[in-house]
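# Report on the structure
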Amino acid sequence: MKSQKYFYKLFFSFLIVILSFYFLFSNFVLAQTNLPLIVYPARQFLELNPGEKTSIVVNFINQAKEPISGYVKVVDFIVRDSQGTPELIENTFEAPEKYAASSWFKTDLDRVTLPANNEKVTIQTQISVPKNANPGGKYVAIYFQAQPSQFNNASTNNQYEAGTGIAPRLASLIYIKVKGPIKESAFVTKFKSKQSFFEYGPIEVETEILNQGNYHIAPKGEITLTNMLGKVVDKSLLKETNIFPETTRTSSNYLGKKWMIGKYRLSLAATYGEKNNVLNAFYEVWVFPWKIATIIILTLIIVILIIRHFYISYLIKEKMLEQELKKEREEIEELKKALKKKNE
């Protein structure tokens, strides 16, 4: 019995210790992953000639009450998904050569401590463009990585959104355009709704554009909704976002109002690049509130049947009255004739 009590006591003690460690660790992770860091500018756009040298600055600010130490690194980045998410490439050899330029950068610091209470640390970076650099887009990120003792690295991966205020890695993205003959080529790979028949509006249309050039583009344009008579019902601007080379970008627009009936045409008209190349597409949909229409039609049928019933009943009664009157007239005539004979 004593051994059993001892076992229970030991088990509960062990459980309390485990839970204590769990809550302490959870609080530690929460505190560490919420350190408020800011980078600016979040994005920089440069146009450089082959052989040109220049410099840029990136500023990191620590809003926490304690200093944060870490290192600064320059890496290439690419975009693979249709949402425009930058993917940092740690290994230079894995970066696509035609878009890589991290080797052109030299920073004055590689390890820094960010002072507390909104103090700023400025990273000066020198850029030397090779004389044989190919024209087109080059994409580089300069990021600050906190030391593991100050930031939890468990959730760290290679995908980051530039300029987000709180992250284990805080990156400033550098978009470089090496001057020269730039290839501009893009296509609308998808322009359609999830369905071709809608019961109610508005109509959601999805646009996907593929950039086959060697520099990122940001198409500008609008989507127009017209009815069967060609009258414009609604317009919506295409979301202006960067589409990286050899990548698609998807966006959604909503057009029209709730109550619509008939066939509608969605038309895309957009331009991109320095030469304002044109992008066009169209898609047709039907909108019909069939449930409401069914209820209305059934209601009308019922009303018509009721009216018809009462009308027929009225006609039958009228006919019966006429027959009764006719019979009474005949009886009166017979009585007249009988009286006449009697008087004679």
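The structure under discussion appears in the preceding block.
All of the points below concern the structure found in this document. Computed from a predicted structure; not experimentally measured. (Residues numbered from 1 in each chain as written. Predicted model: local features only at pLDDT ≥ 70, side-chain atom pairs only at ≥ 80, totals over all residues. Heavy atoms only, no water.)

## So, unusual backbone geometry
Cis geometry marks the peptide bond from tyrosine 40 to proline 41, where omega comes out at -10°. Omega for the peptide link from glycine 201 to proline 202 comes to -5°, which places this bond in the cis form. With respect to the helices and strands, the residue proline 202 is situated in the loop between β12 (197-198) and β13 (203-211). A positive phi angle, close to 60°, is found at asparagine 117, a residue other than glycine. For asparagine 117, a relative accessible area of 51% puts it in the exposed group. (Helix = DSSP H or I, 4+ residues; strand = E, 2+ residues; numbered from the N terminus. Buried < 20%, exposed > 50% of the residue type's maximum accessible area, 1.4 Å probe, protein only.)

## Things to note about a negative patch on the surface
A cluster of acidic side chains, namely Glu324, Glu328, Glu330, Glu331 and Glu334, defines a negative patch on the protein surface. On the basis of relative accessible area, glutamate 324 is assigned to the partly exposed category, the value being 44%. (Patch = residues over 30% accessible without salt bridge, like charges linked within 9 Å, V, L, I, M, F, W, Y side chains within 5 Å. Areas by Shrake-Rupley, 256 points an atom, 1.4 Å probe, with all protein chains shown as cover. Salt bridge = Lys/Arg side-chain N within 4 Å of Asp/Glu carboxyl O. Lys, Arg positive; Asp, Glu negative; His and termini not counted. Charge placed at Lys NZ, Arg CZ, Asp CG, Glu CD.)

## What to know about the packing of aromatic side chains
Taken as a whole, this structure holds 10 aromatic pairs when the rule is applied. Note on phenylalanine 77 and tyrosine 175: the rings are 5.9 Å apart at their centroids and 80° apart in plane angle, and the pair reads as edge-to-face. One end of the pair, phenylalanine 77, is in strand β4 (residues 68-79); the other, tyrosine 175, is in strand β10 (residues 169-178), and 98 residues separate them in sequence. For the pair phenylalanine 77 and tyrosine 175, one class covers both residues: buried. Arranged with centres 5.0 Å apart and planes meeting at 65°, the rings of tyrosine 139 and phenylalanine 244 form a pair that is edge-to-face. Here phenylalanine 244 lies in the loop between β15 (232-237) and β16 (247-255) and tyrosine 139 lies in strand β9 (residues 136-146), a separation of 105 residues in the sequence. Across the pair, phenylalanine 244 and tyrosine 139 agree in class, each one buried. These aromatic residues form a ring-pair network of at least three members: Phe45, Phe77, Tyr99, Tyr139, Tyr175 and Phe244. (Phe/Tyr/Trp six-rings, centres within 6.5 Å; stacked < 30°, edge-to-face > 60°.)

## Side note on the sheet that holds β13
A sheet is described by the order of its strands in space; here three strands give the open sequence β11-β13-β16, paired in antiparallel fashion. Looking at strand neighbours, the two that pair on one side only are β11 (186-192) and β16, the edges of this open sheet. With direction set aside, neighbouring strand axes in the sheet form an average angle of 20°. In the sheet, β13 pairs with β16 via nine bridges, with the strands oriented antiparallel. Counterpart to asparagine 211 in the pairing with β16 is threonine 247. (Pairing = 2+ DSSP bridges. Axes fitted to C-alpha atoms, helices over the stretch in contact; angles between N-to-C directions.)

## Comments concerning the pairing of β15
Here strand β14 (residues 220-226) runs beside β15; their pairing, made up of five bridges, is antiparallel. The residue bridging glutamate 222 from the neighbouring strand is leucine 237, located in β15.

## Considering the sheet that holds β12
Taken in spatial order, the five strands line up as β12-β18-β17-β14-β15 in an open sheet, and their pairing is mixed. Each of the sheet's edge strands pairs with one partner strand only, and the pair in question is β12 and β15. The sheet contact formed by β14 and strand β17 (residues 262-272) spans seven bridges and is antiparallel. When the sheet's bridge partners are listed, leucine 225 is paired in β17 with leucine 266.

## Quick look at the environment of leucine 225
Among the structural elements, leucine 225 can be located in strand β14. The buried category is assigned to leucine 225, whose relative accessible area is 0%. Placed 57 residues apart in sequence, leucine 225 and phenylalanine 282 show a C-alpha to C-alpha distance of 9.8 Å. In contact with leucine 225, other than residues within four places in its own chain, are Ile203, Lys231, Val232, Val233, Asp234, Leu255, Gly256, Met260, Tyr264, Arg265 and Leu266. (Contact = heavy atoms within 4.5 Å.)

## A short note on the pattern of salt bridges
All chains considered together, the criterion is met by nine salt bridges. Salt-bridge contacts for glutamate 222 lead to lysine 235; the nearest nitrogen and oxygen are separated by 3.7 Å. With glutamate 222 in strand β14 and lysine 235 in strand β15, this residue pair connects regions lying 13 residues apart in the sequence. Exposure remark for lysine 235: the relative accessible area of 48% places this residue in the partly exposed category. In this structure, the salt-bridge partner of glutamate 284 is arginine 265, at a minimum N-O distance of 3.3 Å.

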